[in-house]
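Observations on chain architecture
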Amino acid sequence: MKTTNYNIRLDPKVKIQAEETFAAFGLKLSEAINVFLHMSINQHGFPFELREPRLKAEVLQAMEETEQIIKEYSDGTRKPKPYKNAHDFLQEILDEGDEEDV
């Protein structure tokens, strides 16, 4: 079979994960890409449904809180809290957890 080359750019971590995933099926990455392309041709589109990922409400809330905290540190409205040692830091975290249980 005659072949042609096509270069693509990949995130190195994604490439490694994909290679490991497809190796479990006995496929090289290029072979898996060929399977994807053949299935796309047969389906006249993506061989799977494309949807926007849905995150749990608590994950979205945590992401919003994180963005707000980053903004506050960036604009100076929130300052880092100094601790004498790691024990004091961990104790405050544990105490905050107790307050939430109330």
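Residues numbered from 1 in each chain as written. Predicted model: local features only at pLDDT ≥ 70, side-chain atom pairs only at ≥ 80, totals over all residues. Heavy atoms only, no water.

1. Describing a nonpolar patch on the surface
On the surface, a nonpolar cluster with roughly 910 Å² of combined accessible area is contributed by Tyr6, Ile8, Leu10, Ile33, Phe36, Leu37, Phe46, Phe48 and Leu50. Residue class for Phe46 comes out partly exposed when judged on its relative accessible area of 47%. (Patch = residues over 30% accessible without salt bridge, like charges linked within 9 Å, V, L, I, M, F, W, Y side chains within 5 Å. Areas by Shrake-Rupley, 256 points an atom, 1.4 Å probe, with all protein chains shown as cover. Salt bridge = Lys/Arg side-chain N within 4 Å of Asp/Glu carboxyl O. Buried < 20%, exposed > 50% of the residue type's maximum accessible area, 1.4 Å probe, protein only.)

2. Quick look at the layout of surface pockets
Counted as a void, the largest pocket has a volume near 390 Å³. Considering the residues around the largest pocket, the lining is formed by Met1, Lys2, Thr3, Thr4, Asn5, Tyr6, Ile8, Ser30, Ile33, Asn34, Leu37 and His38. (1 Å grid on protein atoms, 1.4 Å probe; cavity = no way out; pocket = protein on both sides within 12 Å on 5 of 7 lines; lining within 4 Å. Points joined across faces, edges and corners; volume = space filled by probe spheres on them.)

3. Side note on helix H1 (residues 12-23)
With twelve residues, H1 ought to run about 16 Å at 1.5 Å a step, and its terminal C-alpha atoms sit 16 Å apart, in line with that. Of the residues flanking the start of H1, the one acting as N-cap is Asp11, its side-chain oxygen 2.8 Å from the backbone nitrogen of Lys13. (Helix = DSSP H or I, 4+ residues; strand = E, 2+ residues; numbered from the N terminus. Expected span 1.5 Å × (residues − 1). Polar contact = N/O pair within 3.5 Å; in protein donor to acceptor, adjacent residues only side chain to side chain.)

4. Quick look at helix H3 (residues 57-75)
Taking 1.5 Å of rise per residue, the 19 residues of H3 would be expected to cover 27 Å, and the 27 Å separating its terminal C-alpha atoms lies within 8% of that figure. Once H3 ends, the next one or two residues include Gly76, with phi positive near 85°.

5. A closer look at the side chain of Ser40
Residue position: Ser40 is located in helix H2 (residues 29-43). Relative accessible area serves as the criterion here: at 16%, Ser40 is assigned to the buried category. Those residues in contact with Ser40 that lie beyond four places of it in its chain are Gly45, Phe46 and Pro47. (Contact = heavy atoms within 4.5 Å.)

6. Some remarks on the confidence of the model for the protein chain
Of all residues in the protein chain, 96% attain a pLDDT of 70 or more, and the chain-wide mean is 91. At the level of individual helices and strands, the protein chain shows its lowest average pLDDT in helix H4 (residues 86-101), which scores 82, and its highest in H2, which scores 97. (pLDDT = per-residue confidence, 0-100.)

7. A word on the pattern of salt bridges
All chains considered together, the criterion is met by five salt bridges. Asp75 is paired through a salt bridge with Lys71; the nearest N and O atoms lie 3.4 Å apart. On the criterion of helical spacing, the pair formed by Asp75 and Lys71 is a turn pair, its members being four residues apart in helix H3. Among the residues examined, Asp75 registers a relative accessible area of 43% and is labelled partly exposed. Looking at Lys71, the relative accessible area reads 48%, which means it is partly exposed. In this structure, Glu72 and Arg78 form a salt bridge, with 2.8 Å as the shortest nitrogen-oxygen distance. Given a relative accessible area of 33%, Arg78 falls into the partly exposed group.

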